[in-house]
Amino acid sequence: EPEVTQTPSHQVTQMGQEVILRCVPISNHLYFYWYRQILGQKVEFLVSFYNNEISEKSEIFDDQFSVERPDGSNFTLKIRSTKLEDSAMYFCASLTTEKANYGYTFGSGTRLTVV
Amino acid sequence: GIQVEQSPPDLILQEGANSTLRCNFSDSVNNLQWFHQNPWGQLINLFYIPSGTKQNGRLSATTVATERYSLLYISSSQTTDSGVYFCAVGGYKLSFGAGTTVTVRA
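Residues numbered from 1 in each chain as written. Chains lettered and ligands numbered in written order. Predicted model: local features only at pLDDT ≥ 70, side-chain atom pairs only at ≥ 80, totals over all residues. Heavy atoms only, no water.

## A closer look at the overall build of chain A
Put simply, the test is: For helices the rule is a DSSP run of H or I covering at least 4 residues; for strands it is a run of E covering at least 2, with both sets numbered from the N terminus onward. Relative accessibility under 20% of the residue-type maximum defines a buried residue, over 50% an exposed one, and the middle range a partly exposed one, all with a 1.4 Å probe and only protein chains included. Note on definitions: a residue-residue contact is assigned when non-hydrogen atoms from the two residues lie within 4.5 Å. Per-residue and other accessible areas were derived by the Shrake-Rupley procedure at a 1.4 Å probe size, with only the shown protein chains allowed to occlude residues.
Helix and strand counts for chain A stand at 0 helices and 11 strands. Along chain A, helices and strands appear, N-terminal first, in the series β-β-β-β-β-β-β-β-β-β-β. A total of 115 residues make up chain A; the buried ones form 44% of that total. Restricting to contacts in chain A with at least 6 residues of sequence separation, those with at least 24 account for 53%. Of the roughly 6,100 Å² of accessible surface on chain A, a fraction of 44% belongs to carbon and sulfur atoms.

## Focus: the packing of aromatic side chains
Geometry of an aromatic ring pair is reported as the spacing of the ring centres plus the angle between the planes. Where we set the bar: When two rings of Phe, Tyr or Trp (its six-membered ring) have centres within 6.5 Å they constitute a pair, described as stacked for plane angles under 30 degrees, edge-to-face for angles over 60, and tilted for the intermediate range.
As enumerated under the stated definition, the model contains 17 aromatic pairs over all chains in all. Each ring, one from Tyr35(A) and one from Phe96(B), has its centre 5.9 Å from the other, and the planes form 70 degrees; the classification is edge-to-face. Pair noted here: Tyr35(A) is in strand β4 (residues 31–37) and Phe96(B) is in strand β10 (residues 94–96), and the two residues belong to different chains. Across the pair, Phe96(B) and Tyr35(A) agree in class, each one buried. Here Phe49(A) and Phe75(A) contribute two aromatic rings whose centre-to-centre distance is 5.3 Å and whose plane-to-plane angle is 45 degrees, an arrangement assigned as tilted. Separated by 26 residues along the polypeptide, Phe49(A) in strand β5 (residues 44–50) and Phe75(A) in strand β8 (residues 75–79) bring together distant segments of the chain. Relative accessible area serves as the criterion here: at 6%, Phe49(A) is assigned to the buried category. Assessed through its relative accessible area of 0%, Phe75(A) is described here as buried. An aromatic cluster is built from Tyr33(A), Tyr35(A), Phe45(A), Phe91(A), Tyr104(A), Phe106(A), Phe35(B), Phe86(B) and Phe96(B), whose rings are joined through pairwise contacts.

## Observations concerning the pattern of salt bridges
Here is the rule we go by: Whenever Lys or Arg places a side-chain nitrogen within 4 Å of a carboxyl oxygen from Asp or Glu, that contact is recorded as a salt bridge.
Going through the model one piece at a time under the given rule, you end up with 3 salt bridges over all chains. Two residues, Glu44(A) and Arg36(A), come together in a salt bridge whose shortest N-O distance is 3.3 Å. Its relative accessible area of 9% is what places Arg36(A) among the buried residues. Taking the shortest distance from any N to any O, the salt bridge between Asp81(B) and Arg58(B) comes out at 2.8 Å. One end of the pair, Asp81(B), is in the loop between β8 (69–74) and β9 (83–90); the other, Arg58(B), is in the loop between β6 (52–56) and β7 (59–64), and 23 residues separate them in sequence.

## A short note on the sheet that holds strand β7 (residues 65–68) of chain A
All names here are of chain A. For clarity, the cut-off: When DSSP locates at least two bridges between a pair of strands, those strands are taken to pair. Angles run from 0 to 180 degrees between N-to-C directions of axes, and those axes are lines fitted to C-alpha atoms, restricted for helices to the stretch in contact.
Pairing within the open sheet is antiparallel, and its 4 strands lie in the order β1-β3-β8-β7. Each having just a single partner strand, β1 (5–7) and β7 make up the two edges of the open sheet. Neighbour-to-neighbour, the strand axes of the sheet open up by a mean angle of 20 degrees, direction not taken into account. Relative to strand β3 (residues 19–24), β1 runs antiparallel, the two sharing 3 bridges. Its bridge partner being in β3, Thr 5 is matched across the sheet by Val 24.

## Details of the interface of chain A and chain B
Put simply, the rule reads: Here a polar contact is taken to be a pair of N or O atoms separated by no more than 3.5 Å, where protein atoms must pair a possible hydrogen donor with a possible acceptor and residues adjacent in sequence count only if both atoms sit in side chains. Gly is put with the polar residues, along with every residue not named as nonpolar or charged; the nonpolar set is Ala, Val, Leu, Ile, Met, Phe, Trp, Tyr, Cys and Pro, and the charged set is Asp, Glu, Lys and Arg.
The interface of chain A with chain B comprises 18 residues on the first partner and 19 residues on the second. If you look at where chain A meets chain B, you find 1 salt bridge. The shortest N-O distance in the salt bridge between Glu56(A) and Lys93(B) comes to 2.8 Å. On the surface where chain A and chain B come into contact, there are 8 residue pairs in polar contact (both at pLDDT 80 or more). If you list the elements that add at least two residues to the side of chain A that touches chain B, you get β4, β9 (88–96) and β10 (103–106) of chain A. A breakdown of the residues in the side of chain A that touches chain B according to their chemical character gives 11 nonpolar, 4 polar and 3 charged.

## Description of the pairing of strand β1 (residues 4–7) of chain B
All names here are of chain B. On β1, burial follows the alternation: Val 4 and Gln 6 on one face are buried, whereas Glu 5 and Ser 7 on the facing-out side are not. Two elements, β1 and strand β3 (residues 19–25), share 4 bridges in a ladder whose sense is antiparallel. The residue bridging Ser 7 from the neighbouring strand is Arg 22, located in β3.

## Things to note about the side chain of Ser70(B)
Residues and elements named next belong to chain B. The topology assignment puts Ser 70 in strand β8. One polar contact links Ser 70 to Trp 34, side chain to side chain, over a distance of 3.0 Å. For Ser 70, the side chain forms a polar contact with the side chain of Thr 63, separated by 2.9 Å. Once residues within four sequence positions are removed from consideration, Ser 70 is found in contact with Leu 21, Arg 22, Cys 23, Phe 25, Leu 32, Trp 34, Ile 49, Thr 62 and Thr 63.

Have a look at this one:
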């Protein structure tokens, strides 16, 4: 079964540093997403990406965040200057709308710890 | 945005017991999925079920879209069923509930 692959699985960074989280979505999916989950809380939508541009973003997704699909396969989330409150599990997801398989596939997540 | 409420928030079961988890949502949706979050934090997709009933082994789910709720049934629970179960609904964006934490005791 096709998978969404995320790297790294765990990243520790110092406050103020830039981090890039990487994802390889399923190849024939057209919609790509980042979600995050602060420890003990619900999973929250950050941003959606379609046709090489952001289609929707949440209030959380401020100027410190950016997304890119640099080479047609990878999908990245960059946090420019990390804060302690950015510590969370970040999930990448992709979506197909093919009727037989409609639904989101989530990656295994990147646990980001800001110290 | 769509409101998603899950109940109960916590569930403690003896191994072998059956249980029902509920998800209520505030608007009509194209997508409803149930996930199991394992101890490593991974979200495991259990069902894509915007309507109807599906079964997969000891798990089954039913969504009544017209009444805006979905139920997840766990039968003959095992310790490996422990974890947090999330319901997520939406269309081109998912809204997650707060989850039900299930603990199955041997």
